[in-house]
Structure formats: C-alpha cells, structure tokens
Amino acid sequence: MAIQEDVDDDDTDINPVTMIFPEDQQQDEGIVLISPTVEEREANQHHYLRSVESTVEIRQLRSQGLSFQLWPAATALVTLLDHHRSHPTTSPLALTLSAFPTGRRLRILELGSGTGLVGIAAAATLGAYVTVTDLPHVIPNLQFNAEANSEAVARHSGVVHVAPLRWGEIDDFEAIGRDYDLVLGSDVVYHDRLYDPLIQTLRFLLLGGEKKMVFLMAHLRRWKKESAFFKRARKLFDVEVIHADRPSDGSRVGVLVYRFAPKGQILNSLGS
Ligand SMILES: C[S@@+](CC[C@H](N)C(=O)[O-])C[C@H]1O[C@@H](n2cnc3c(N)ncnc32)[C@H](O)[C@@H]1O
C-alpha cells in the first residue's frame, strides 16, 4: 500500500536552513551557514554495506560544487538497497524489485549520480549492471569513484559503467538508449529550471519505448515550489511514495522514496 505523503498541494512551511544544503545553492538562495573545514569537506566518505559486508569509498570534492558531494537522499536510498538485499521479501523495495525477471543481471540507469554512491551501492547489493550518469564536467570524479570500488562491486557480480547524460538533451537520450529495467535518482529535484528537462528525460525513458521501466527517486523536500515538479510528473506517471524515512534532527521532513511508473502499469511484469 502506498504511504501517505506528508504534503499536499498547499504545502507545509519548510525551513531550508534546518536542512543540509550544499553551499553553492545556499549562496543562490541567500542562506549563510557555517562551513566545515577544508579537511572535513574533502574527506572521503566510507559506507559500509552490511548485506554484502563491503565498504564503498566515495571521494567528494565539495569545493567544486554540489555535484561533487553526497546529498542526504543518496544515503537514505543506499540504506534501503542494503536493507533490501538482507530482507528481499519485506523491504519497501520488494514489490518493485521482485517484479523483474530472475536469472539475468538487472540493468539500471542512474540520473544525476553526483559522487556515484547510489549507483555503486546498487551494483553491489543487486549484482546489477549500473550506468551512472551526470553532466560532462562531473564524469571524471564519477569515473574515479566507480574505479575505486570496482573490485568490491565485482565481488558481488555487479558492474558500474559511467556515461554523460544531460537531462532534456535529445542527443544524450539517443546515446544512452532505453535498455534498462530500472531508473534511479536521489536529490535530483532541487532547482526549478531543471524540472522540465528531468521530466523530459523520464518521459523518454519510461514512456518512449516498448520496455516497461520504473523510476525510483529518493527525495528530501526543501522548497514549496517542488510541488510543481510533482504536479507535472503526476500528469504523466503514477507516482507513489513507497518509503518515508524519519526526519533527522532539526528537520520536519525526512527523505521520501517515490516510484514513478507509466500510468496503469502492472508491477508484476516489469523488465519485459
Ligand atoms: C543535488 S545533486 C545530487 C547528487 C547525487 N544524486 C546525490 O544524491 O548525492 C544533483 C545532481 O544532478 C546533476 N544535474 C543537475 N543538472 C543536470 C542536468 N541538466 N543533467 C544531468 N544531471 C544534472 C548534478 O550535477 C548533481 O550531480
């Protein structure tokens, strides 16, 4: 059963200052917070995946911008993937992931991967072939992180491939294709100028071909204006909240995980 969203079209008031927010966006919005030291900002992050007894190490280059740091929804989605591997029938991802055919590697596309943690963790926990994507200038760090974790991922039959994908760019759509079972994203709804390009990208992937695909998106809500993205998305897709994280200290909202599917899609026949 779908989880009730804690928001409606009128929106509750959300104070972005109580939430983790990357610095360049804070500057855009006129928000000033105390910055961590350079050492803290650039430090590698280690994420232990209990289900596969492996640690994923992620290089952040926070001084280079928001694409080079880990956002909170990524960590929430990784925790869910890890939990799913240990509890595949009862996890919030069970209904979605059990709908794929067994006996072959899942093919996953991640949008706006940033540091790549989600895609790398998905490859390791699901033994999947994952293509992590982002804007061209983000690719070198994404490649670095994919290579740094390739042995741990391969130990669990996963593969991570890195490719540029600019949302809303037809040439990039054609290059990336639609040969995936599942699309992932975390914290990809954050700037209103990106709502339409992201929706165009989802439209191409989920509605443009014969193959049935779904999009799982982890999202931490920060701004009232994000309702506009969800309104537009609901015109095209069935959008359900499949998991709600508890708010972390000082926040009124936690990370929500959404499933977007073509309207009327029956979930027990995905990936065909
Ligand atoms: C807020 S960050 C989230 C990064 C990562 N998913 C995470 O949760 O840690 C948003 C990501 O979307 C990417 N992005 C922004 N605009 C994009 C576009 N037009 N096409 C593709 N990726 C884009 C950014 O480069 C960035 O990596």
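Residues numbered from 1 in each chain as written. Predicted model: local features only at pLDDT ≥ 70, side-chain atom pairs only at ≥ 80, totals over all residues.

(A) Expanded view of the overall build of the protein. Along the protein, the regular secondary structure elements total ten helices and nine strands. Per-residue burial over the protein gives 40% buried out of 272 residues. Counting contacts in the protein only where the partners sit at least 6 residues apart, residues at least 24 apart contribute 71% of the total. (Helix = DSSP H or I, 4+ residues; strand = E, 2+ residues; numbered from the N terminus. Buried ≥ 20, exposed ≤ 12 C-beta atoms within 10 Å, placed from the backbone. Contact = placed C-beta atoms within 7 Å.)

(B) Spotlight on unusual backbone geometry. Here Glu 53, not a glycine, exhibits a phi torsion of approximately 50°, which is positive. By secondary structure assignment, the location of Glu 53 is in the loop between β1 (45–49) and β2 (54–58). Take Glu 53: there are 10 C-beta atoms within 10 Å of it, and that puts it in the exposed class. Of note in the backbone geometry, Asp 187 takes a positive phi value of approximately 50° without being a glycine. By the secondary structure assignment, Asp 187 is in the loop between β6 (182–186) and α9 (195–207).

(C) Structural detail: the pairing of strand β4 (residues 129–134). Extensive coverage of β4 is indicated by the burial of six of its six residues. On β4, burial covers both faces: Tyr 129, Thr 131 and Thr 133 on one face and Val 130, Val 132 and Asp 134 on the other are all buried. Here strand β3 (residues 107–111) pairs with β4 via four bridges, running parallel. Its bridge partner being in β4, Glu 110 is matched across the sheet by Val 132. For the handedness criterion, the β-α-β arrangement of β3, helix α5 (residues 117–126) and β4 is classed as right-handed. In the sheet, β4 pairs with strand β5 (residues 159–164) via six bridges, with the strands oriented parallel. Bridging across to β5, Val 132 finds its partner in Val 162. (Pairing = 2+ DSSP bridges. Right-handed = clockwise from strand over helix to strand, strands pointing away.)

(D) Quick peek at the sheet that holds β4. Spatial ordering of the open sheet is given by β5-β4-β3-β6-β7-β9-β8, a layout of seven strands whose pairing is mixed. Edge positions in the sheet fall to β5 and β8 (237–244), since each of these pairs with one other strand and no more. Sheet twist, expressed as the average angle between the axes of neighbouring strands with direction ignored, equals 20°. Bridging between β6 and strand β7 (residues 214–219) involves five bridges; their strand directions are parallel. Bridge pairing links Leu 184 to Leu 216 in β7. Packing of α9 onto the sheet brings it into contact with β3, β6, β7, β8 and β9 (256–262), and relative to β9 it is tilted by some 55°. (Axes fitted to C-alpha atoms, helices over the stretch in contact; angles between N-to-C directions.)

(E) A look at the site of the ligand. Taken together, 22 residues lie near the ligand, and Ser 67, Trp 71, Ala 74, Gly 112 and Gly 114 sit nearest. Of the residues in the shell around the ligand, the class split is 13 nonpolar, six polar and three charged. (Near = placed C-beta within 6 Å. Nonpolar A, V, L, I, M, F, W, Y, C, P; charged D, E, K, R; others polar.)

(F) The arrangement of helix α10 (residues 226–236) in detail. Turning to α10, its buried residues number three or more, namely Glu 226, Phe 229 and Ala 233. For α10, the angular spread of the buried residues around the axis is 50°, confining them to a single face. Pointing more than 90 degrees away from the buried face of α10 are the exposed residues Lys 231, Arg 234 and Lys 235. For α10, the elements touching its buried residues are α9, β8 and β9. (Arc of directions from axis to C-beta.)

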